[in-house]
Amino acid sequence: MISLPEYPDLQVCVLAAGQGKRMRSNQPKVLHKVLGRAMIDYVLHTVEELRPKSIAVVTGHASEQVRAHVGQPANLSWVIQDKQLGTGHAVKQCEEVIRDVRDVLIVCGDTPLLRSDTLSALVDVHRSNDAAVTVLTAKVDEPYGYGRIQRDAKGNVTGIVEEKDASDDERRIAEVSSGIYCVRHDVLFDLLYKIGNRNAQGEYYLPDIVPLALANDQRVDAIAMRDMAEMIGVNNRVQLSEVEDLMQQRIIRDWQMQGVTVEKPDTVRIEATVNLGVDVVIQAGCYLIGSTRVGDGCRVGPNAVLVDAWLDDDVEVFAFSHIYSANVGAGTQIGPYGRLRPGTVLGEDVHVGNFVEIKNSIVDRGSKINHLSYIGDTDMGSGCNVGAGSITCNYDGANKHRTRIGDDVFVGSDTKLIAPVEVHSGATIGAGSIVSKDVESGGLTLSERPDQRHIANWQRPSKRKG
Ligand code: UD1
Ligand code: CA
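In this text the structure is predicted, and so the values were computed from the model without any measurement.

Asker: Honestly, a negative patch on the surface in this entry has me stumped. Any pointers?
Answerer: Taken together, the side chains of Asp141, Glu142, Glu242, Asp245 and Asp266 define an acidic patch exposed on the protein surface. Structurally, glutamate 142 can be placed in the loop between strand S7 (133–139) and strand S8 (148–151). For glutamate 142, a relative accessible area of 65% puts it in the exposed group.

Written out as structure tokens, the structure reads:
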């Protein structure tokens, strides 16, 4: 981690009032998620790293939803922009909440890849140049959609022209505005009061402060950022997936640097909210989602899905297993094709084999359920062995019932345990049993088996010819 300077005399404004029409969504744009985390959360986290005096977030469209999502951090103030009349108008709404700072850093809520060291460099350059306005720019291959940076023959910035207002020549300009500005507080609002809305969109454009400041003989700098990817603004779902890909590369790289092996990283999804230990191996095609946490030395995959899963150390999750909202003890093995559903808690060294589904159950240390079984609403002790094809019949069509199994119980293959039922420690149940009464410990319990017959001279049918 690079340590950044702190900025106690800096105000941050985050613009997040737009509906995001191009997303075609019922959800406000900044709440759309990139690898499991809302875009606004990335931006707020990034600006927070500068330790600014305060952060103002401008909301308008669906502001209740945005506020409910973010909550109320101490240094954050909410500013309402009733009508979305443009980015300049949005910043103007912040006038009342900005006090006693040197500069105002303006960022958009739809640029989740932005990094705090980039912002810190922007503020530092702005201050060392003693500029009135500094805009962060980038040279891009596809400038479509962004404001283009206009420069004079000497290379000095003269203005910013929006896509919809640009001439064909201007549209060919490859240097674009990131939408991120650092502006001296003592000039910002004078400039904002002067901007008009005579343009293609009838909006008050924040970029118009550039020519206005120049007209006042105030210094304006446009500085290019190193990694243009950081400024990608998400306006539609195509850009959302582009940003997600870039974020995924970043997150995987970070985990690799912290001791995680990721095989075929292009095929893996590891959300921003996931936590991984050292010497974890994530194989191809795995999805690690939500609050998933994987302990040291675990091996997962290929093609496993972990959603809000908690794995202690040295767990092995084999191919095509699915774990959703379950806890797995150290040294336990799952799959291939295992499925753990919500409320499942497995102890240490448990074996859950292929085509086994476990739901809302506790399975204690060393127990084995290795083949084709369903265990639901069950408390199982340690050292048990559940034979292939055994099922807890937990649902009577209206209510769920629990099955209780003690320690060291042997359940023969193809047994049906009809809940509610209890199997005491040390019991053995014969294969093919239907158990509807409590089973005592010791001895052998089995239900009546249908008779077996033999027909000696029986002929196997053969295939008809022709
Ligand atoms: C904007 C910039 C453009 C820049 C690009 C970078 C303007 C006019 N254009 O274009 O120069 O290249 O960002 O990504 O500034 N917002 C409000 N209130 C409003 C309008 C917008 O809060 O009235 C917010 C939006 O929620 C969004 C941000 O401002 O977070 C930018 O708005 P958006 O509509 O995405 O602007 P772009 O067309 O991307
Ligand atoms: Ca945008």
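Asker: Even after reading the chapter, I still don't get helix H4 (residues 116–128), so can you show me in this structure?
Answerer: Because an α-helix completes one turn every 3.6 residues, residues spaced three or four positions apart along the sequence face the same direction. For H4, spanning 13 residues, the distance from its first C-alpha to its last is 18 Å, which sits close to the expected 18 Å at 1.5 Å a residue. Among the residues of H4, Ser116, Thr118, Leu119, Ser120, Leu122, Val123, His126 and Arg127 are the ones counted as buried. For H4, the elements touching its buried residues are strand S1 (7–15), helix H1 (39–48), strand S6 (103–108), S7, strand S10 (175–184) and strand S11 (220–224). The first or second residue beyond H4 is aspartate 130, which carries a positive phi of 55 degrees.

Asker: Honestly, the pattern of salt bridges in this entry has me stumped. Any pointers?
Answerer: Side chains that carry opposite charge are capable of pairing whenever their charged atoms lie near each other. Applying the stated criterion across every chain yields a total of 22 salt bridges. Salt-bridge contacts for glutamate 163 lead to arginine 171; the nearest nitrogen and oxygen are separated by 3.2 Å. Judged by relative accessible area, arginine 171 falls into the partly exposed class, the value being 32%. In this structure, arginine 269 engages glutamate 271 in a salt bridge whose closest nitrogen and oxygen atoms are separated by 3.1 Å. Across this residue pair, the class does not change: arginine 269 and glutamate 271 are buried. Through salt bridges with shared partners, a single ionic network connects Asp9, Arg102, Asp103 and Arg127.

Asker: How do you make sense of the sheet that holds strand S39 (residues 428–429) when you look at a structure like this?
Answerer: Taken together, eleven strands build an open sheet; the order of strands is S12-S15-S18-S21-S24-S27-S30-S33-S36-S39-S41 and the sheet is parallel. The sheet terminates laterally at strand S12 (260–262) and strand S41 (444–445), the two strands that pair on one side only. Sheet analysis places S12 next to strand S15 (residues 280–282), joined by three bridges and oriented parallel. Paired with valine 262 across the bridge in S15 is isoleucine 282.

Asker: Could you clarify how one ought to interpret the packing of aromatic side chains in this entry?
Answerer: Counting across every chain of the model gives two aromatic pairs. Considering the side-chain rings of phenylalanine 320 and tyrosine 337, the 5.2 Å spacing of their centres and the 10 degrees angle between planes classify their relative orientation as stacked. Here phenylalanine 320 is found in the loop between strand S21 (316–317) and strand S22 (322–324), whereas its partner tyrosine 337 is found in the loop between strand S24 (333–334) and strand S25 (338–340), with 17 residues between them in sequence. Judged by relative accessible area, which is 43%, phenylalanine 320 ranks as partly exposed. Residue classification places tyrosine 337 among the partly exposed positions, given a relative accessible area of 39%.

Asker: In this structure, what is going on with the coordination of the calcium ion (ligand 2)? I would like to understand it.
Answerer: Octahedral six-donor coordination of a metal ideally yields angles of 90 or 180 degrees, compared with 109.5 degrees for tetrahedral four-donor coordination. Looking at the calcium ion (ligand 2), one finds its protein donor set to be Asp110 (OD) and Asn235 (OD1), positioned 2.5 Å from the metal centre. Of this pair, aspartate 110 sits in the loop between S6 and H4 while asparagine 235 sits in the loop between S11 and helix H8 (237–257), placing them 125 residues apart in sequence. Accessibility expressed as a relative area gives 11% for aspartate 110, which makes it buried. By relative accessible area, which is 15% here, asparagine 235 ends up buried.

Asker: Explanation requested: the site of ligand 1 in the structure shown.
Answerer: By nearness alone, 24 residues border ligand 1, and Gln81, Gly86, Thr87, Glu162 and Ser177 come closest of all. At a separation of 2.7 Å, a nitrogen atom of ligand 1 approaches a polar side-chain atom of glutamine 81. Within the side chain of aspartate 110, one N or O atom sits 3.3 Å away from an oxygen atom of ligand 1. In the complex, the protein chains occlude 90% of the 760 Å² of accessible area that ligand 1 would expose alone. Of all the cavities here, the one that holds ligand 1 is the largest pocket. Secondary structure elements with two or more residues in the shell around ligand 1: helix H3 (87–92) and S10. With three residues, S10 is the single largest residue contributor to the shell around ligand 1.

Asker: In this structure, what is going on with the side chain of asparagine 199? I would like to understand it.
Answerer: On the secondary structure map, asparagine 199 appears in the loop between helix H6 (185–194) and helix H7 (209–215). Within polar-contact distance, the side chain of asparagine 199 engages the backbone nitrogen of glycine 202 at 2.8 Å. Beyond its immediate stretch of four places on either side in the chain, asparagine 199 contacts Asp165 and Tyr205.

Asker: Explanation requested: the layout of surface pockets in the structure shown.
Answerer: A probe as big as a water molecule, rolled over the atoms, marks out the empty space that is left. Size it by volume and the largest pocket reaches roughly 1,700 Å³. In terms of lining residues, the largest pocket is bounded by 50 residues, among which Arg22, Lys29, Asp110, Gly145 and Asn235 are the most central. Of all the elements in the fold, those that place two or more residues in the lining of the largest pocket are H3, S10 and H8. Counting residues per element, the lining of the largest pocket draws most heavily on S10, at four residues. Residue classes in the lining of the largest pocket are distributed as 19 nonpolar, 20 polar and eleven charged. There are two domains that each give the lining of the largest pocket at least three residues, and those are domain 1 (7–231) and domain 2 (237–455).

Asker: Before we go on, may I ask you to explain the domain arrangement of the protein in this structure?
Answerer: Quite often, the size of an interface is put as the accessible area lost when its parts meet. In terms of domains, the protein is made up of domain 1 (7–231) and domain 2 (237–455). Domain 1 and domain 2 are separated by 48 Å when their C-alpha centres are compared. Listed by partner, the interface residues are 15 residues for domain 1 and 14 residues for domain 2. Buried area between domain 1 and domain 2, both sides added, is near 1,400 Å², and the carbon and sulfur share of it is 63%. Counting the surface domain 1 buries against domain 2, the share from its top three residues, Met23, Leu35 and Leu113, is 49%. Our count for the contact surface shared by domain 1 and domain 2 stands at zero salt bridges. If you look at where domain 1 meets domain 2, you find five residue pairs in polar contact (both at pLDDT 80 or more). Class assignment for the residues of the side of domain 1 that touches domain 2 results in seven nonpolar, three polar and five charged.

Cut-offs applied
Residues numbered from 1 in each chain as written. Chains lettered and ligands numbered in written order. Predicted model: local features only at pLDDT ≥ 70, side-chain atom pairs only at ≥ 80, totals over all residues. Heavy atoms only, no water. Patch = residues over 30% accessible without salt bridge, like charges linked within 9 Å, V, L, I, M, F, W, Y side chains within 5 Å. Areas by Shrake-Rupley, 256 points an atom, 1.4 Å probe, with all protein chains shown as cover. Salt bridge = Lys/Arg side-chain N within 4 Å of Asp/Glu carboxyl O. Lys, Arg positive; Asp, Glu negative; His and termini not counted. Charge placed at Lys NZ, Arg CZ, Asp CG, Glu CD. Helix = DSSP H or I, 4+ residues; strand = E, 2+ residues; numbered from the N terminus. Buried < 20%, exposed > 50% of the residue type's maximum accessible area, 1.4 Å probe, protein only. Expected span 1.5 Å × (residues − 1). Contact = heavy atoms within 4.5 Å. Pairing = 2+ DSSP bridges. Phe/Tyr/Trp six-rings, centres within 6.5 Å; stacked < 30°, edge-to-face > 60°. Donors = N, O, S within 2.8 Å, 3.2 Å for Na, K, Ca; no water. Near = heavy atom within 4 Å. Polar contact = N/O pair within 3.5 Å; in protein donor to acceptor, adjacent residues only side chain to side chain. 1 Å grid on protein atoms, 1.4 Å probe; cavity = no way out; pocket = protein on both sides within 12 Å on 5 of 7 lines; lining within 4 Å. Sits in = over half its atoms within 2 Å of the grid points. Points joined across faces, edges and corners; volume = space filled by probe spheres on them. Nonpolar A, V, L, I, M, F, W, Y, C, P; charged D, E, K, R; others polar. Domains from an automatic or database assignment. Buried area = accessible area lost by both parts, 1.4 Å probe.

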